[in-house]
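One-letter residues, chain by chain:
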Amino acid sequence: MPSNTASSSSAPAGSADSSASRTKSKRPKYSKFTQQELPACKPILTPGWVILTFLVISVIFIPLGVVSLFASQDVVEIVDRYDNDCVPTPARANKVAYIQGVSDKSCNRTLVVPKKMKQPIYVYYQLENFYQNHRRYVKSRSDSQLRSVKDENQIDACKPEDDVNGRPIVPCGLIAWSLFNDTYTLSKNNQPLTVNKRGIAWKSDREHKFGKNVFPKNFQEGNITGGGRLDANKSLSEQEDLIVWMRTAALPTFRKLYGKIESDLEKGDTIHVTLLNNYNTYSFDGKKKLVLSTTSWLGGKNDFLGIAYLTVGGICFFLALVFTIMYLVKPRRLGDPTYLSWNRVPGGGR
Amino acid sequence: MAGNGTKRPRKRRRRIQLSKLYTLTCTHQACFKQDHSQIGGPGYSRVVFCNEPDSPDADSSNYSDNYVRTTKYTLTTFLPKSLFEQFRRVANFYFLVTGILSFTPLAPYTASSAIVPLLFVIGATMVKEAVEDWRRKKQDIEVNNRRVKVHRGDGNFDSKEWKTLSVGDIVRVEKNEFFPADLVLLSSSYEDAICYVETMNLDGETNLKVKQGLEVTSSLREDINFKGFEAFVKCEDPNANLYSFVGTMELKGAKYPLSPQQLLLRDSKLRNTEFIFGAVIFTGHDTKVIQNSTDPPSKRSMIEKKMDKIIYLMFFMVVLMSFIGSVIFGVTTRDDFKDGVMRRWYLKPDSSSVFFDPKRAHVAAIYHFLTAAMLYSYFIPISLYVSIEIVKVLQSIFINQDIHMYYEEADKPARARTSNLNEELGQVDTILSDKTGTLTCNSMEFIKCSVAGTAYGRGITEVEMAMGRRKGSPLVLQSNEDDVEYSKEPFAEEPTVKGFNFRDERIMNGNWVTEPHADVIQKFFRLLAVCHTVIPEVDEDTEKISYEAESPDEAAFVIAARELGFEFYNRTQTTISVRELDLVTGKRVERLYKVLNVLEFNSTRKRMSVIVEEEDGKLLLLCKGADNVMFERLSKNGREFEEETKDHVNEYADAGLRTLILAYRELDEKEYKVFNERISEAKSSVSADRESRIEEVTEKVEKDLILLGATAVEDKLQNGVPDCIDKLAQAGIKIWVLTGDKMETAINIGFACSLLRQDMKQIIINLETPEIHSLEKTGEKDAIAKASKESVLLQIINGKAQLKYSGGNSNAFALIIDGKSLAYALDDDVKHIFLELAVGCASVICCRSSPKQKALVTRLVKSGNGKTTLAIGDGANDVGMLQEADIGVGISGVEGMQAVMSSDIAIAQFRYLERLLLVHGHWCYRRISTMVCYFFYKNITFGFTLFLYEAYTTFSATPAYNDWFLSLYNVFFSSLPVIALGVFDQDVSARYCLKFPLLYQEGVQNVLFSWRRILGWMFNGFYSALIIFFLCKISLEPQAFNHQGKTPGREILGGTMYTCIVWVVNLQMALAISYFTLIQHIVIWGSIIVWYLFITVYGELPAIISTGAYRVFVEALAPSLSYWVITLFVVASTLMPYFIYSAVQMRFFPMYHGMIQWLRYEGQCNDPEYCDMVRQRSIRPTTVGFTARLEAKKRSVRRSESA
């Protein structure tokens, strides 16, 4: 057999072959796998399958939609936008100046409970047009510093909120620095309504991401104060407001848990909210809303999912009908040749 | 030397040496030519001290050693070189750039998550390269460690490895061994230092070449002679020219010229010679064969070329999206800090790095562009190349393993030698086929002969049977009506002797002596036994004689002569011994013929002659040759049987047989003497016209011949060729036959394999017109060329006119053109008209075409048509064609390995082409095209959600997903199903592929990889992304998403969207494929499960690694019902439009494979009418093949009935 011939660089065909042939046959072994004859199901979209699929989907989706919609309807939600109203009328010409000023920021709101709300009732603040998902913002934190004291100097990612006169800020970075600091004091029928602020953050955050013995240091001591301050005597893992805030929102409109009301509210109850309107959303035209909401198994109030389920379920049911009619009325012509591409292009097949 | 030359004729009288017999190919007296004066000058500076390895002058260290490396890489160059290869691919380079950039602050994700997948992909490809190279390395080691005997001093020869040889060594090579390096032949076992060399590995020619050493060294025939032997060679530098060599040898102070005649090339083989001694001149990479080796042309399939375009399109999209993003980002960033007022104060725009600096927003935007380009890199599938390579290798394994393409007799399975053309097999538009050895077996059988005007031989050829079928008559058994009674006798036994299928009791078993022209018959077979260059080999145990011949025809003749009682059993340097029946005594006698001269066959002479001296001293010139050259050389009194013989020859040619005319003449002593002087003078002439002078001399002696008769040899069709051609024709593939044979034979083979049929109009283009002939006699070359070209052009234009005139007429046309005309038809200004004509014809046969012309025709079809061409051939003459065509298929038959070595796929028989194309080709095409479409679909689905999310982050390039989700998407969660699709998917099973050949047109028309379809899939990707993103966003925003009132953060939106994407792309795959084996189930459902496993395990890693994804699944997603509800809803809604589309398409506008699926599903496959309906779906009638022939017949019957 040829040795390395002129074309031997291309393949090791020659010599190996001949030696093999002397010893054993090169007949390929028969197996269903190598002959590509593995047992297989070869589904095609027959009328039966198509109609069945549509029916099954509609049968699942419509009830699911109904259930979801009911769940959403069960949720009682009170939304109160206060960013505009809480600025005194004279200051409204320049809201930014007002919010950055030192005047009294307290503001009273009255909410009426439209329906009975069972506890727990969640209190949220909702911000709009606030880009917590901005890349610069998202990255401006130090996870290691949050978790353990010995890493408190890991502040590289936190610029420009990394240190004050060479001393590291704990927690550093823009997220912590811009901590939301409006506060709500609720009362029902002049009785104070306790808002429980514990257990509003994810457990994993509390236990693994924010250290039990990490305490705020040098926080908000730079030349510009961003948002809220932190109690320097409470460890980070207990500062649940911060933990909630630090879990950045996905979209520019977001709610964050403020607390829980652990008592029922009856229909017609009036709730007075005394809030301190500290947080500046005015410079970027953001809205602030206070939200009181119960939850269902599906979460908060959102009719969309239920309606969408119903719509898609309905469409599928409709399609099942349409396909049934189409299959009945218009029997298939076994392959109209005019649809074959090589017939469409005259001379194309030549 | 000149002095020796004058002595030679006297010497020959006494002992004629074989080397002196050969007239044309063989040596003439070596002499100094002009070239020799250049020795020592530039380009001719090589100096070799033979047999003095230790000589201080022998500075042999300058020359490379004899180690030959064919590997692409060495240990040291592997890394840089293979990396370079990898990053030459534009996509890989892009990923390298993004990988490097990911180490800068520009990166939207961590560097490691960008680099790891790249390393994985590059690593996988490099491992593949390394494995392939390792195989080559093993082969190298085998070759380099072969052993050869080398002079060790004092006349002792030791066995040494090839790689240790150095320039100047004296080696002894034994019979049937390869030469280890380029050697100068010193001496051989023959007295005159000649040796026979087989150069099959170099040029694919199977015939043996004769080489001869210098006279001065020819006496060194013993090992001991080399004690103290010293020679000094000066020669040209290493070069690639196989047929040139210039050098001088200095021996004992005298200088002798060296020519290619003394050079033995590495990789050729010593044959028919016991041993030779040679001096090593060129070693290792200096040898001519290595210098000559070029990398085979790298071929890329059409799909891959188109894929590049898609990648550029994707690049464009990435750039476009990045640009849009950068502009918006720039604007919003600028607005963040205007006139000392900070808008988004929480971003601290007043003290930010340059990447977000509002004061330098334009710079920030430019940087952002880079960041965005990195983020959107998920549009370009990083694993596409590596996946395709994996898939193709696996596909090739399936091709190699196909038991239906295994040829039992030769023990040869199919072998896909390059895997990157698999899908191209599904798109072949034109097949260019060689004839001999491809359509035919290249086993020649002596089947008929015509002696003294009587036709003998009753065998029926395959072609005759086909013709019989064609004419619709029972077998046409006998052409010789005189002996009808014989034809009724059944043939007793099948031919047992290979190459001999001759049956005729009249002349077999010695019966010929009673025939009327017994003397002519005797001369006829004696000529067959003597006039050849065959070398007999006697098996020492059985005394059986086998023959070593230059061509199978020659062997067939000698065998025929032996079977009829003229046994050629020995050849010495000067004689041929034949056992034959004496006509007078009726006994077997041994006769010795002294061979005086051999005038070999070549393609211009088309004849060969020998001059022999019989025992009684009579000088005979025996000649055999092609009819057109032989009839004109007959003497007046030698034309006794001319008419009958001509008739018979025509009959034979009609039956597709190869014919040769046999004739002889007697020479008288004087005439021979004159001839011999002339020929030796011509042979020793040094002038440039030596060749033509030899021609002239031989021309003069090969005349006035006396006709003996004609032979007919059958070139057998391979098994199943007509059926295969019929299937391929039904599939709409055009088949062109390119052959070196003459027109009549080619046409007959055309008929035999149904490429031609009776009602076809044959457009024959040739130059056999009287005008051209008369011009040729004048010998004015320019005038001939001009007239020929005009004639060819005119014929082509006429042909086109006929074609046009017939219009839509079902009458098919066949174009038959010969090599001479082809040369003009391939001229630049004519070739396009020629191509138009050829494309309009159903069959095209090019006969008498040279290898170069074959390649040119292939190139013409390939480039002129833009369609995929497949060339199939088996011989070295097909190499050009195989390399030129889009796909070269080599027949791994008996002829040399050259065609196989330069082919892309090797099969053992032509008939396997049917399965290779219709089944594997179709599948591979379908798989790869679907796979590529799907790849882009899944990456767009993924990448576009990133972009949509960006729109909600003011294009600040925040990735929607965790870094590792991003980078592992292509590697883990979506790669295996697509590979399984590429390897296993079948639209219809092999049986249906073969039953409905028209299905193949899907590939030829490229319907599965048209821009429409590609863009359709891309569109599918875009809207899937839109649906997924917006449904998730609206469902999750902004309210609580579980009953604990927790609101979704980035990681929850990301996790939900990602889950939906994994589900959608995998279920989309399940919808798109039509073949579910266990493997499909495992990979599709497995990918989804892997995603859940991954997110769980990854979430359990310490938060410092998993960052945002820390426990996100366990804690947040899984316990929340809305996550599952949203997933179900989003996945179902995303797939719904595609489902509706394919349900409608499948039912109401099925593609061809869809129709077949319906047929199978509804079980109508056995209903012939239904099948026929589906089969005849084309407006273009099939024009060749026997099905077409049947159709044509039906038509004509109908026509005659209506008339």
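How each quantity is defined
- Each chain carries its own residue numbering, running from 1 in the written order of its sequence.
- Here every chain gets a letter starting at A, and every ligand a number starting at 1, in the order they are written.
- Per-residue local features of the predicted model are confined to residues with pLDDT of at least 70, and side-chain atom pairs are confined, for both listing and counting, to 80 or more; whole-chain, interface and lining totals are unaffected and use all residues.
- Note that water and hydrogens are dropped before the side-chain values are worked out from all heavy atoms of the structure.
- UniProt positions are given in the numbering used here, feature names are shortened, and annotations may be inferred rather than shown by experiment.
- Going along the chain from the N terminus, every DSSP run of H or I of four or more residues is numbered as a helix, and every run of E of two or more is numbered as a strand.
- Each residue gets one of three labels from its accessible area relative to the maximum for its type: buried under 20%, exposed over 50%, partly exposed in between, using a 1.4 Å probe on protein chains only.
- Only heavy atoms matter for contacts: two residues are in contact if any of them lie within 4.5 Å across the pair.
- The rule for a salt bridge is simple: a side-chain nitrogen of Lys or Arg has to be within 4 Å of a carboxyl oxygen of Asp or Glu.
- Throughout this description, a polar contact denotes any pair of N or O atoms lying within 3.5 Å of each other; where both atoms belong to protein, one of them has to be capable of donating a hydrogen while the other can accept it, and for residues adjacent in sequence the pair is counted only when both atoms sit in side chains.
- Basically, the charged four are Asp, Glu, Lys and Arg, the nonpolar ten are Ala, Val, Leu, Ile, Met, Phe, Trp, Tyr, Cys and Pro, and anything else, Gly included, counts as polar.
- Here, nonpolar core means buried Ala, Val, Leu, Ile, Met, Phe, Trp, Tyr and Cys residues that are tied together by side-chain atoms lying within 4.5 Å of each other.
- By disulfide we mean two sulfur atoms from cysteines, separated by a distance within 2.5 Å.

- Looking at an unreviewed UniProt entry, chain B carries the name Phospholipid-transporting ATPase, with the source organism given as Brassica carinata.
- What UniProt records for chain B under Function (unreviewed entry) is the sentence "Involved in transport of phospholipids."
- Listed in UniProt under the heading Cofactor (unreviewed entry), the comment for chain B reads: "Mg(2+)".

- Labelled according to an unreviewed UniProt entry, chain A appears under the name ALA-interacting subunit, originating from Brassica carinata.
- Quoted verbatim from the Subcellular location (unreviewed entry) field of the UniProt record, the comment on chain A reads "Membrane".
- In UniProt, chain A has this text filed under Sequence similarities (unreviewed entry): "Belongs to the CDC50/LEM3 family."

**Some points on the overall build of chain A**
Part 1: Scanning chain A from N- to C-terminus turns up 10 helices and 11 strands.
Part 2: Counting all 350 residues of chain A, 53% fall into the buried class.
Part 3: Long-range pairs, those at least 24 residues apart, make up 79% of the contacts in chain A between residues at least 6 apart in sequence.

**What about the interface of chain B and chain A?**
Part 1: Counting from both sides, the interface comprises 143 residues of chain B and, opposite them, 125 residues of chain A.
Part 2: Our enumeration of links across chain B and chain A arrives at 4 salt bridges.
Part 3: Among the salt bridges present, the one from Arg343(B) reaches Asp285(A), with a minimum N-O distance of 3.8 Å.
Part 4: The interface formed by chain B and chain A includes 41 residue pairs in polar contact (both at pLDDT 80 or more).
Part 5: Residue contributions to the side of chain B that touches chain A peak at 17 residues, all from helix α38 (residues 1121–1148) of chain B.
Part 6: Taken together, the residues of the side of chain B that touches chain A break down into 71 nonpolar, 40 polar and 32 charged.

**Some points on the nonpolar core**
All names here are of chain B.
Part 1: Ranked by size, the top nonpolar core spans 154 residues in total, and within it Phe379 and Tyr961 carry the most contacts.
Part 2: No other element matches the 16 residues that helix α28 (residues 912–951) contributes to this core.
Part 3: In terms of nonpolar packing, the next biggest core, distinct from the first, is built from 76 residues, Val451, Val530, Leu621 and Leu634 among them.

**Quick notes on the state of the cysteines**
All names here are of chain A.
Part 1: Applying the stated criterion to the full structure yields 2 disulfides over all chains.
Part 2: Covalently, Cys86 is tied to Cys107 through a disulfide, its sulfur atoms 1.9 Å apart. Given an S-S torsion of about -70 degrees, the disulfide between Cys86 and Cys107 has left-handed geometry. Here Cys107 lies in strand β2 (residues 106–112) and Cys86 lies in the loop between β1 (77–81) and α3 (95–100), a separation of 21 residues in the sequence. Considered together, Cys86 and Cys107 belong to a single accessibility category, that of buried residues.
Part 3: Note on cysteine connectivity: Cys158 is disulfide-linked to Cys172, with sulfurs 1.9 Å apart. Of this pair, Cys158 sits in the loop between α5 (143–147) and β4 (163–164) while Cys172 is found in the loop between β5 (167–168) and α6 (174–177), placing the two residues 14 residues apart along the sequence. Exposure class is identical for Cys158 and Cys172. Each is buried.
Part 4: Indicated for chain A is the disulfide connectivity 1-2, 3-4, based on numbering the bonded cysteines in sequence order.

**As for the UniProt feature "binding site: Mg(2+)" (unreviewed entry) in chain B**
Residues and elements named next belong to chain B.
Part 1: Per the UniProt entry, the sites bearing "binding site: Mg(2+)" (unreviewed entry) are Asp434, Thr436, Asp874 and Asp878 in this numbering. Taking the farthest pair of C-alpha atoms as the criterion, the annotated set spanning 445 residues converges on one region, since that pair is 10.4 Å apart.
Part 2: Checked against the element boundaries, Asp434 lands in strand β17 (residues 428–434).
Part 3: Look at Asp434 and you get buried, because its relative accessible area is 3%.
Part 4: Here Asp434 is in contact with Leu439, Leu738, Lys854, Ile872, Gly873, Asp874, Asp878 and Met881, once residues within four sequence places are set aside.
Part 5: Only 3.0 Å separates the side chain of Asp434 from the side chain of Lys854, close enough to count as a polar contact.
Part 6: When you line up the elements, Thr436 lands in the loop between β17 and β18 (440–451).
Part 7: Relative accessible area serves as the criterion here: at 15%, Thr436 is assigned to the buried category.

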